[in-house]
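# Inside the fold
Chain residues, written in single-letter form:
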Amino acid sequence: MEGGRRGEAAAAGGDGPGPVFTLEEVAKRNSNRETWLVIHGRVYDVTRFLEEHPGGEEVLLEQAGRDATESFEDVGHSTDAREMLKQYYIGEVHPNPSMTSSGQSSFWSTWLIPIFGALVLGLMYRYYMVDGKSS
């Protein structure tokens, strides 16, 4: 139950590590009905804060569903704003986005694509070497 996880993490005030979300999960929450941001590797549900944000909700919606660390830091938020952020904390972002949900790296990206590339290069090299000798 996802709502329960968010409530537990919010009750903790963002002090301890919460549930772990992938960037793909965060990316799905990019509307005014559900707005999640990643700032410094932590996931925040700022949906309740949209109407209260001093810069307007558009600013948050632009960054919704992705890592907003750079934008957050570029603005130069106050200490109060950083403290306020804690109440919207819901968890951490998964540290390795190339991992699948089972925790294994994708077979395609790890092995098959490099092997296929090496095979193509080998065939091209052989073709040009054989073609060069027969001329």
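The structure this text deals with has already been given above.
Residues numbered from 1 in each chain as written. Predicted model: local features only at pLDDT ≥ 70, side-chain atom pairs only at ≥ 80, totals over all residues. Heavy atoms only, no water.

### Structural notes on the sheet that holds strand S1 (residues 20-21)
Two pairing modes exist for strands in a sheet, parallel and antiparallel, and in both the strands are linked by backbone hydrogen bonds. As summarised here, the arrangement of the four strands in space is S1-S4-S3-S2, forming an open sheet in which the pairing is mixed. The open sheet is flanked by S1 and strand S2 (36-39), the only strands paired with a single partner. (Pairing = 2+ DSSP bridges. Helix = DSSP H or I, 4+ residues; strand = E, 2+ residues; numbered from the N terminus.)

### Quick notes on the pattern of salt bridges
Inspection of the entire model under this criterion finds four salt bridges. With its nearest N and O atoms 3.3 Å apart, the salt bridge here joins Glu 83 to Lys 86. Residue Glu 83 is classed as partly exposed on the basis of its relative accessible area of 48%. Accessibility expressed as a relative area gives 34% for Lys 86, which makes it partly exposed. (Salt bridge = Lys/Arg side-chain N within 4 Å of Asp/Glu carboxyl O. Buried < 20%, exposed > 50% of the residue type's maximum accessible area, 1.4 Å probe, protein only.)

### A look at a nonpolar patch on the surface
A contiguous nonpolar surface patch, about 680 Å² in accessible area, is contributed by Phe 116, Val 120, Leu 121, Met 124, Tyr 127 and Tyr 128. When you line up the elements, Tyr 127 lands in helix H6 (residues 107-134). The class for Tyr 127 is exposed, based on a relative accessible area of 54%. (Patch = residues over 30% accessible without salt bridge, like charges linked within 9 Å, V, L, I, M, F, W, Y side chains within 5 Å. Areas by Shrake-Rupley, 256 points an atom, 1.4 Å probe, with all protein chains shown as cover.)

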